[in-house]
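# Descriptive structure summary
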Amino acid sequence: MSFDLGDVVRLTTTVRDASGAPADAGSMALTITLPDGASTTVTPIAPTGTGVYTYDYPSVQAGRHVVRWVATGDNATAYTDVFNVRPAAPPQLFSLAEAKSKLDIPITSTTDDEDLREAIEATTACVEFFVGPVARRTVQQVLQGGRDQWALHTTPVLAVTAITALQTWQQAIDISVLDVDTTTGILRRTDGLCFYSGDYRVTYTAGRAIVPPNVSLAAKLILQHLWRTNYGASRGLPNVGGGEDFSVTEPVPGLGYAIPNRALQLLQGDSDPGGFA
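Residues numbered from 1 in each chain as written. Predicted model: local features only at pLDDT ≥ 70, side-chain atom pairs only at ≥ 80, totals over all residues. Heavy atoms only, no water.

### Some thoughts on the pattern of salt bridges
- As enumerated under the stated definition, the model contains 9 salt bridges in all.
- Glu121 is paired through a salt bridge with Arg86; the nearest N and O atoms lie 2.6 Å apart. Here Glu121 is found in helix α2 (residues 113-131), whereas its partner Arg86 is found in strand β8 (residues 77-86), with 35 residues between them in sequence.
- By relative accessible area, which is 22% here, Glu121 ends up partly exposed.
- Since its relative accessible area comes to 4%, Arg86 is described here as buried.
- Residues participating in the shared-partner salt-bridge network are Asp4, Arg86, Glu114, Arg117 and Glu121. (Salt bridge = Lys/Arg side-chain N within 4 Å of Asp/Glu carboxyl O. Helix = DSSP H or I, 4+ residues; strand = E, 2+ residues; numbered from the N terminus. Buried < 20%, exposed > 50% of the residue type's maximum accessible area, 1.4 Å probe, protein only.)

### Some points on the sheet that holds strand β10 (residues 149-151)
- Within the open sheet, the 3 strands sit side by side as β10-β13-β12. Their pairing is antiparallel. At either end of the open sheet lies a strand with only one pairing partner, and these are β10 and β12 (178-180). Mean inter-strand twist for the sheet, computed between neighbouring axes without regard to direction, equals 20°.
- Pairing of β12 with strand β13 (residues 186-189), which is carried by 3 bridges, proceeds in the antiparallel orientation. When the sheet's bridge partners are listed, Val180 is paired in β13 with Leu187. (Pairing = 2+ DSSP bridges. Axes fitted to C-alpha atoms, helices over the stretch in contact; angles between N-to-C directions.)

### Considerations on the environment of Gly198
- Mapped onto the secondary structure, Gly198 falls in the loop between β13 and β14 (199-206).
- Sequence separation of Gly198 and Trp169 is 29 residues, and the distance between their C-alpha atoms is 8.7 Å.
- When residues no more than four places from it in sequence are discounted, the contact partners of Gly198 are Leu143, Gln144, Gly145, Gln167, Trp169 and Gln170. (Contact = heavy atoms within 4.5 Å.)

### Let's talk about the pairing of β8
- As judged from the 3 bridges shared by strand β1 (residues 2-4) and β8, these two strands associate in the parallel manner. Bridging from a neighbouring strand, Ser2 pairs with Asn84 of β8.
- Across 9 bridges, the pairing between strand β7 (residues 63-72) and β8 is antiparallel. What sits directly across from Val67, in β8, is Asp81.
- As consecutive antiparallel partners, β7 and β8 are separated by 4 residues, and within that stretch Gly73 has a phi angle of approximately 80°, a positive value.

### Notes on the environment of Val202
- Along the polypeptide, Val202 turns up in strand β14.
- Overall, the relative accessible area of 0% leaves Val202 in the buried class.
- With 62 residues separating them along the chain, Val202 and Gln140 place their C-alpha atoms 5.6 Å apart.
- Every residue in contact with Val202, bar those within four places of it in the chain, is listed here: Val139, Gln140, Gln141, Leu143, Trp150, Leu152, Val160, Ala162 and Ile163.

### Some points on unusual backbone geometry
- Here the residue pair Thr43 and Pro44 is connected by a cis peptide bond, since its omega of -10° sits within 30 degrees of zero.
- Relative to the helices and strands, Pro44 resides in the loop between β4 (39-42) and β5 (47-49).
- At the junction of Thr155 and Pro156, the peptide bond is cis and its omega measures out at 5° in the coordinates.
- Tracing the backbone through its elements, the reader meets Pro156 in the loop between β10 and β11 (157-165).
- The phi angle at Asn75 is positive, at roughly 55°, despite the residue not being glycine.
- In this structure, Asn75 sits in the loop between β7 and β8.
- Backbone geometry places Asp104, a non-glycine residue, at a positive phi of 60°.
- Within the secondary structure layout, Asp104 lies in the loop between α1 (96-102) and α2.
- Residue class for Asp104 comes out partly exposed when judged on its relative accessible area of 46%.

Structure below.
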């Protein structure tokens, strides 16, 4: 399971002796490597039970963390594990409550919440493969000057928020003189000048302010399909449809068997030119 940014993550390991029974180590150290490569080491850690070592780590970065337990002295051993932390605003096309409604899961049932949240994020990625960004996100792109227009590669574009010169000799560009075609990502100056020479880092916001109903419905159909193929009727979901799309025989290019045809047809009207023909 993934944790939310700011969650306290409980890390634990069990040390065993040569016979396999839980046993205390001479000394225990824990090293956590963060997504940015920085690491923190906690030592010594006292056992909370025979052979059991626990540490509560308050997460401060989103991404994949590596956990390394090293016991020395008596019953020396080592153990490596990982855990993932979601960003503060993960890309999600709809809420957990909407997902439960589509799957006929009672809102009061929380057993599958973490699996559902992961499925929502996976569904969002599937949809955005075809139609481009839907969930709002910040994008950075380096572009070369000396041209009368730039092409931003992630569309739709909601707004350009900053342009930063990468060489000290470059002229600054005032974003107030810019015009962006939100659909194509073409960026031009309104003062008639070309973009100055040199490389610039353009920071902009991509996504959709309003999610079209065909995209929203397609996303929920994909979620329904993924949930059914993962868990089937054995999870007590006899009302979750699937029909011929559940027993798929041909993959959708780029995404294997994850996308039912009826969802794909709903997405075609909003398809990203870079997605599929």
